[in-house]
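Okay, here's what each chain looks like letter by letter:
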Amino acid sequence: MATYHIETYGCTSNRGESREIERRLRDGGHRPVDGPAEADVAILNTCTVVEKTERNMLRRAEELSEETADLIVTGCMALAQGEQFADADVDARVLHWEDVPTAVMNGECPTPTEGTAPVLDGEVGILPIARGCMSNCSYCITKFATGRIDSPPVAENVEKARALVHAGATEIRITGQDTGVYGWDEGERKLPELLDRVCDIDGEFRVRVGMANPGGIHGIREELADVFASNEELYNFIHLPVQSGSDDVLEDMRRQHRVEGFLEIVETFDERLDEWTLSTDFIVGFPTETDHDHEQSMALLREIRPEKVNVTRFSKRPGTEAADMKGLGGQTKKDRSKEMSAAKREIVGEAYEAMVGSRRRVLVVEQGTGDSVKCRDGAYRQVIVQHADEHGVEPGDFLDVEVTGQNTMYAFGDPV
């Protein structure tokens, strides 16, 4: 399991986010240590209330990047001025707080849940559709906690989704260790059927599908893409972790897909959808990853140009096959992570810049910093609407906006 050190600055909201990050990490079996030097990963939850605070945050980030093997920066400054960390040459991943637990997971399945009970969090309904997975990745320890896939019936999950909508959810997040293999324990591929039936529920809401491994999605890619194309309730978004652009590394990771199959899924969605968001993950510094393997990953990243990318430095998990492999040096992992993260920022920034000037239908999902709200468009891209009170906008509202600008990780929009 990973060890972590977390530092939090700023308001009560930031402290609440840090508590939730820690809860998810502890649920996943990760443990805190006394300081950054002993940690596999350090997490800095930032504040940006005044200029002096910004300088302090940058200075602390610089210090932490020297003290720990892996630094994640989150919080208000990360979201509002994330580019400043790159400009200051701070070796860190800049993430929304909700993405931090996944980033720490070293490419493993999402944090296990206690059973499959749905949860309503404000306007967001979280629906775990199954527990476990069908993979046997050489680096993953989560599989020891969750076991093989255990899928409740489609009708049962649909009723849970209906209850969330009736309770006020305007966004339903379909989650699981691997949503793509839902139903495999019963010899069926049930994800397309489940999504179709959830979208038939009365009400105005949106549905986001959680992580699905390429090996599980490949065989249903055409049917699944058609479901996305025919249901406006579904965000045109899919989280498809490739982990490496090298087939040799994928084999050593014991992943159930190869690069060609992954690309076939991407091409299918490109053909069926006019606009969609690809989210993917890369692990850099896997023990058997050569310079050439890393170059292949960089080439794949630039080819597919995903609009959301999690870059994770490999760390060993006790009891896994990969833990017995001779590892790469920490500097090698840092250098490769830094190169990939820089390319990621360029690609994501270009995607959001291309949105500027367009009009989009968005759902207000939650409160943002100050008098702002966080919205999602049909492809699950984040749009920030400022001065929400003046516009009479609050979570749960659907509205049309004109995109007026971007800040690499999100866009700004004005109601029209």
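Shown above is the structure to which this text applies.
If you're wondering where the values come from, they're calculated on a predicted model, not measured in any experiment. (Residues numbered from 1 in each chain as written. Predicted model: local features only at pLDDT ≥ 70, side-chain atom pairs only at ≥ 80, totals over all residues. Heavy atoms only, no water.)

## Topic: unusual backbone geometry
Quick reminder of the rule: Under the DSSP-based scheme used, a helix requires at least four consecutive residues in state H or I and a strand at least two consecutive residues in state E, with every element numbered from the N terminus.
Positioned with a positive phi, Asp89 is a non-glycine residue whose angle comes to about 60°. Tracing the chain through its elements places Asp89 in the loop between α4 (83–87) and β5 (93–94).

## A look at the sheet that holds strand β13 (residues 359–367)
Applicable threshold: Paired strands are those between which DSSP finds at least two bridges. A fitted line through C-alpha atoms serves as each axis, taken over the contacting stretch for helices, and the angle formed by two N-to-C directions is quoted from 0 to 180°.
Ordered in space as β13-β14-β15-β17-β16, the five strands form a closed barrel in which the pairing is mixed. Across the sheet, the mean angle from the axis of one strand to that of its neighbour is 55°, orientation sign disregarded. Here four bridges tie β13 to strand β14 (residues 372–376), and the two strands are oriented antiparallel to one another. The residue of β14 that forms the bridge with Val364 is Cys375.

## Structural notes on the state of the cysteines
Our working definition: Disulfides are defined in this document as cysteine sulfur pairs within 2.5 Å.
Here the structure, examined in full by the defined rule, presents zero disulfides. We note that Cys47 lacks a disulfide partner, and the nearest cysteine sulfur, in Cys76, lies 6.1 Å from it.

## Describing the nonpolar core
Put simply, the test is: Throughout, nonpolar core names a set of buried Ala, Val, Leu, Ile, Met, Phe, Trp, Tyr and Cys residues whose side chains join them through atoms within 4.5 Å. Whether a residue is buried, partly exposed or exposed follows from its accessible area with a 1.4 Å probe, protein chains only, as a fraction of its type maximum: under 20%, in between, or over 50%, in that order. The criterion used for residue contact is that any of the two residues' heavy atoms lie within 4.5 Å.
Tyr139, Leu195 and Phe269 are the most contacted members of the largest nonpolar core, which has 66 residues in total. At six residues, the largest contribution of residues to this core is made by helix α12 (residues 259–272). Dropping the residues within four chain positions of it, Phe269 is found in contact with Arg221, Leu224, Ala225, Phe228, Ile238 and Trp276. Counting residues in each nonpolar core, the second largest holds 15 residues, with Val362, Val373, Cys375 and Leu399 among its members.

## A look at helix α7 (residues 154–166)
Heads up, the condition is: Take the number of residues in a helix, subtract one, and multiply by 1.5 Å to get its expected span. To be clear, the arc concerns the directions from the helix axis to the C-beta atoms.
Along its 13 residues, α7 runs 18 Å from first to last C-alpha, staying within 8% of the 18 Å computed at 1.5 Å per residue. Taken together, the buried positions of α7 are occupied by Val154, Asn157, Val158, Lys160, Ala161, Leu164 and Val165. Down the axis of α7, the buried set is contained in an arc of 160°. They therefore lie on one face. Two residues or fewer after α7 comes Gly168, characterised by a positive phi angle close to 115°.

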